Every structure is written in C-alpha cells, then in structure tokens.
Amino acid sequence: MLEKFPAFRANQMRLEGATDRRRQVAFDAKAIPIVTVKTIVHVVYKTDAQNISNTQIKSQIAVLNRDFRATNPDKVNVPAPWKGIVADSRVQFKLVQVTRTKTGVAAFTHDDKVKKASTGGIASITPKTHLNIWVCALSGGLLGYAQFPGGPISTDGVVINFQAFGTTGTAQAPFNKGRTATHEIGHYFNLRHIWGDTPDCSGSDMVADTPNCAGPNFGTPTFPVITCGNGPNGDMFVNYMDYTDDAAMFMLTTQQAVRMRAALDTSRSGLK
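Keep in mind that this is a model prediction, so the values were computed, not measured. (Residues numbered from 1 in each chain as written. Predicted model: local features only at pLDDT ≥ 70, side-chain atom pairs only at ≥ 80, totals over all residues. Heavy atoms only, no water.)

Participant: Tell me what's going on with the packing of aromatic side chains, and back it up with residues and numbers.
Facilitator: Tallied over the full model, the rule gives five aromatic pairs. Relative to Phe93, the ring of Phe68 has its centre 5.2 Å away and its plane inclined at 65°; by these criteria the two rings are edge-to-face. Pair noted here: Phe68 is in helix 2 (residues 54-68) and Phe93 is in strand 2 (residues 91-102), with a separation of 25 residues, a long-range link. Taken together, a centroid distance of 5.6 Å and an interplanar angle of 85° make the contact between Trp82 and Phe223 edge-to-face. One end of the pair, Trp82, is in the loop between helix 2 and strand 2; the other, Phe223, is in the loop between helix 3 (179-188) and helix 4 (254-265), and 141 residues separate them in sequence. The class of Phe223 is partly exposed, set by a relative accessible area of 32%. An aromatic cluster is present here, built from Trp195, Phe218 and Tyr243 joined pairwise through their rings. (Phe/Tyr/Trp six-rings, centres within 6.5 Å; stacked < 30°, edge-to-face > 60°. Helix = DSSP H or I, 4+ residues; strand = E, 2+ residues; numbered from the N terminus. Buried < 20%, exposed > 50% of the residue type's maximum accessible area, 1.4 Å probe, protein only.)

Okay, structure coming up:
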C-alpha cells in the first residue's frame, strides 16, 4: 500500500504523531466515552456452505463485544504478571446490515478483489462511518487481513475467511472462537503485531506495555516463552495481536487501547 497509495505514508505519520500526543493523557477507561461501531458484514459465497448464517454472523459480533470490552470469560487465563493491564478499549460493535453476494470466484486472496463487483465481490458501504467486514473463502491458508487507517477509502475494512469467522457453523478449530476478526480489527484500529513484523528483536509494535519479542507464537504456548531478553515473563502470546490459536489469546493492553483511541479520534473519527 505504501507503494501504490503514496498518501498512506503521510497519513500514517500523522496518526503516529497523534498517537504520541494521546499517550501523554492518562487512559481512564471509566471516563472515556464508549464508541459503538456500526458494522456491515458482506458474505461473498460460491458454495452454499460459504453462505454463512445470520446466527454465525451474530456469534462473531458477540465475540468482538466481549473481547474489545474485556468481558471475555477466558481472560482469567491471562498470566498473573499481565492481569493488571488487561484493557477495556471502550469500543463495541453493532451489526446494522448483512449483504449476500453470489460469486464465481473459488477463493480470494489479499489483493482486495473481494471488495469490487467487477472482480467477483461487492463494494464497501459508507466505509467512513461503518466498519465493513467481508467474509469469503480465502486461499493459501489465509485467515484474514485488514487495512490500516489512512489507506484508500474504497478498500477500507477487514476480510475474514468463512472458516475462521464466528463460533459456530463453518468456523473450524483452532480458529473457531472468533479471534481472527478480533485480531484483524485490531489492525484496522492501528494495532501492530506484537513482534513488530521483523524476524529478530529489532522490530517494535510501538506499544510500551507489550514485551519486545522475536517473532510470532503459534498454537497454545506454555507460559513463559522467553525471547529477546524479555524474561522472566517473556512474550505476551496471550495478546490478540499474536498468531496463537483462538483458545490461547485473551487480551489487549492499556497502551494498545490508547493506540486504538488515537485512531478513533483522528483517522477513524467518522465511526464515532
């Protein structure tokens, strides 16, 4: 996107500046207004199985509301050193529309073709004021992808594999607890992967309360996993912005909530 959409770099730089300023303000969750994000789900299907039910869609919205408000029951599994920074981001979601589009495309990938009618998908609906989620078959084991704030409005939103969406129907273990959408919507609100997307210890997610780590964690790790000299507690593999199985991720941190709020106050202010 940096190559194809030159304004994205400048938009991201402005957002990071706003995020730095937001960090100077204490994050008092009880004092911050709750934002209800109006959400539109686009089901793009070739087979009947891919045409997921409204029940499955609602199960995903329920997960998002638990995860982003830190009311998910499995947060009791957060290791003791991090229990004090589990954050209620003060963001919740309301399903306002479902569209259904029959396609001739067997599976999409991360090239945004699912977001255009001319390439077998469907265009977004009022993306400045609504979160658009496309649910479809994705190739190559891809669970989902998202667009960071500041990109082109026509492709703004999140794409999720129909087998990793919600908690029922076509959702398949180990990605059947709705956390793929939680993770990707984290990106939509400007959260990075906790390892900073480098194959060593040089990267950063620009969040002070997530320990620096060497790379993604997978499966269901046992605490602690120590890399990058981050002992004794190690990698925060229970964070939604890692790559662990759905059953092993339980939390966002206070400083991740600050990053999200900075995006909502600036690049994504139309959602409020």
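Participant: Summarise unusual backbone geometry; cite the residues concerned and give the values.
Facilitator: With an omega of -5°, the peptide bond running from Phe223 to Pro224 counts as cis. Looking at where Pro224 falls in the secondary structure, it is placed in the loop between helix 3 and helix 4. For the bond from Gly231 to Pro232, the omega torsion is 5°, close enough to zero to count as cis. In this structure, Met206 takes a positive phi of about 60° despite not being glycine.

Participant: Describe the sheet that holds strand 1 (residues 35-45), with residues and values.
Facilitator: One open sheet accounts for five strands, arranged 2-1-3-5-4; its pairing is mixed. Two strands in the sheet have a free side with no partner beyond their single neighbour: strand 2 and strand 4 (144-146). Along the sheet, successive strands turn relative to each other by an average axial angle of 20°, direction set aside. Pairing geometry for strand 4 and strand 5 (residues 158-161), over three bridges, is antiparallel. (Pairing = 2+ DSSP bridges. Axes fitted to C-alpha atoms, helices over the stretch in contact; angles between N-to-C directions.)

Participant: Before we move on, could you go through the pairing of strand 1 and cite the residues and values that matter?
Facilitator: In terms of residue burial, strand 1 counts as a mostly covered element, since nine of its 11 residues are buried. Here strand 1 pairs with strand 2 via 11 bridges, running parallel. The residue bridging Tyr45 from the neighbouring strand is Lys102, located in strand 2. In the sheet, strand 1 pairs with strand 3 (residues 131-136) via five bridges, with the strands oriented parallel. Following the sheet pairing, Thr39 is matched in strand 3 by Leu131.

By themselves, these observations are geometric and do not establish any function.
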